[in-house]
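Residue strings, one per chain:
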Amino acid sequence: FICKNRMPGFFEYLNPRYTEIFGYTIEDIPDYETFLKRIFPNPSYRDLVRYFYREDLENFAKSRKVGERVVTVRVRGGSDRIMHSRMVILGNGKQLMTFEDITDLKKMEAELFHAQNMEAVATLAGGIAHAFNNILMGIQGYTELGLEKREDPRSLAGSLAKIRESADRASAICRQM
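Residues numbered from 1 in each chain as written. Predicted model: local features only at pLDDT ≥ 70, side-chain atom pairs only at ≥ 80, totals over all residues. Heavy atoms only, no water.

Q: Got a minute to help me understand the nonpolar core in this structure?
A: Grouped together as the largest cluster of nonpolar side chains are 25 residues, with contacts concentrated most on Tyr18, Phe22, Phe35, Ile39, Phe40 and Val73. Among the elements of the structure, helix 1 (16-22), helix 2 (32-39), helix 3 (43-63), strand 3 (67-74), strand 4 (80-89) and strand 5 (95-101) are those that each provide at least two residues to this core. (Core = buried A, V, L, I, M, F, W, Y, C linked by side-chain atoms within 4.5 Å. Buried < 20%, exposed > 50% of the residue type's maximum accessible area, 1.4 Å probe, protein only. Helix = DSSP H or I, 4+ residues; strand = E, 2+ residues; numbered from the N terminus.)

Q: Is there a simple way to explain the packing of aromatic side chains in this structure?
A: Two aromatic rings are characterised by how far apart their centres lie and by the angle between their planes. Scanning all chains against the criterion turns up ten aromatic pairs. Aromatic side chains phenylalanine 11 and phenylalanine 35 sit 5.6 Å apart centroid to centroid with 90° between the ring planes, which places their arrangement in the edge-to-face category. Within this pair, whereas phenylalanine 11 is found in strand 2 (residues 11-13), its partner phenylalanine 35 is found in helix 2, the two being separated by 24 residues in sequence. Overall, phenylalanine 35 belongs to the buried group, its relative accessible area being 2%. Counting every residue linked through ring pairs, the aromatic cluster contains Phe11, Tyr18, Phe22, Tyr32, Phe35, Phe40, Tyr45, Tyr53 and Phe99. (Phe/Tyr/Trp six-rings, centres within 6.5 Å; stacked < 30°, edge-to-face > 60°.)

Q: Would you take a moment to explain the side chain of glutamine 95 for this structure?
A: Inspection of the secondary structure assignment puts glutamine 95 in strand 5. There is a polar contact of 2.2 Å between the side chain of glutamine 95 and the side chain of tyrosine 53. (Polar contact = N/O pair within 3.5 Å; in protein donor to acceptor, adjacent residues only side chain to side chain.)

Q: For this particular structure, what's the right way to read the packing of helix 2 against helix 3?
A: What describes two packed helices is the angle between their axes and the distance between those same axes. Look at helix 2 against helix 3: their axes get within 10 Å of each other, and the N-to-C directions meet at 135°. Between helix 2 and helix 3, the crossing angle belongs to the class labelled oblique. Crossing handedness for the pair helix 2 and helix 3: right-handed. On helix 3, the residues touching Tyr32, Glu33, Leu36 and Lys37 of helix 2 are Arg46, Val49, Arg50 and Tyr53. Tallied by class, the residues present in the contact of helix 2 with helix 3 amount to four nonpolar, no polar and four charged. (Axes fitted to C-alpha atoms, helices over the stretch in contact; angles between N-to-C directions. Parallel < 35°, antiparallel > 145°, perpendicular 65-115°, else oblique. Left-handed = near helix turned anticlockwise from the far one by under 90°. Contact = heavy atoms within 4.5 Å. Nonpolar A, V, L, I, M, F, W, Y, C, P; charged D, E, K, R; others polar.)

Q: How should I be thinking about the pattern of salt bridges in this particular structure?
A: A side chain with one charge can pair with a side chain of the opposite charge if their charged atoms come near. Evaluated as defined, the whole model comprises eleven salt bridges. One salt bridge in this structure joins arginine 50 and glutamate 33, with 2.4 Å as the shortest N-O distance. A residue pair is termed long-range when its members are at least 10 positions apart, and arginine 50 in helix 3 and glutamate 33 in helix 2 qualify at 17 residues. On the accessibility criterion, arginine 50 (18% relative accessible area) is buried. Owing to a relative accessible area of 34%, glutamate 33 belongs among the partly exposed residues under this scheme. One network of salt bridges, in which partners are shared, links Glu33, Asp47 and Arg50. (Salt bridge = Lys/Arg side-chain N within 4 Å of Asp/Glu carboxyl O.)

Q: Would you mind showing me how to read the environment of proline 30 here?
A: Its place among the elements puts proline 30 in the loop between helix 1 and helix 2. With twelve residues separating them in the primary sequence, proline 30 and tyrosine 18 have C-alpha atoms 14 Å apart.

As structure tokens, then:
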């Protein structure tokens, strides 16, 4: 959309795509304040957006750098969408703001992050299971040896010591977790 001058005021033009995404026409949001109240219904969040807007205006005046933000907006119908907004001041002093709906992109990023976390947990669980399996195989083997040598107390003591050592290693793994 385009504002008539540098200061937020009345809107001069809303792109048809804006109306398609947001559900609002220029009659629904003729000015900046109405726009803010409709798409940012939470007063605290709205105040934060106002602050960022003023900051972007100041930065643009100093450096001609485009003001870019990611904001969550409420569209007609009550659903929230995540938008990448950009603001520039044109040569004639009018403001141009664009919005790109990145809701689906953000959802995909969150799903990818979750999948990567699940993969990391699965890798960790596999490593722990492998370590425990190795320890259990040792315990099992030394138990069998101990049962075969139960008549000879010295060799039985060696097998029991190895079993205790394996159990201690398993216990250490549990403490590390």
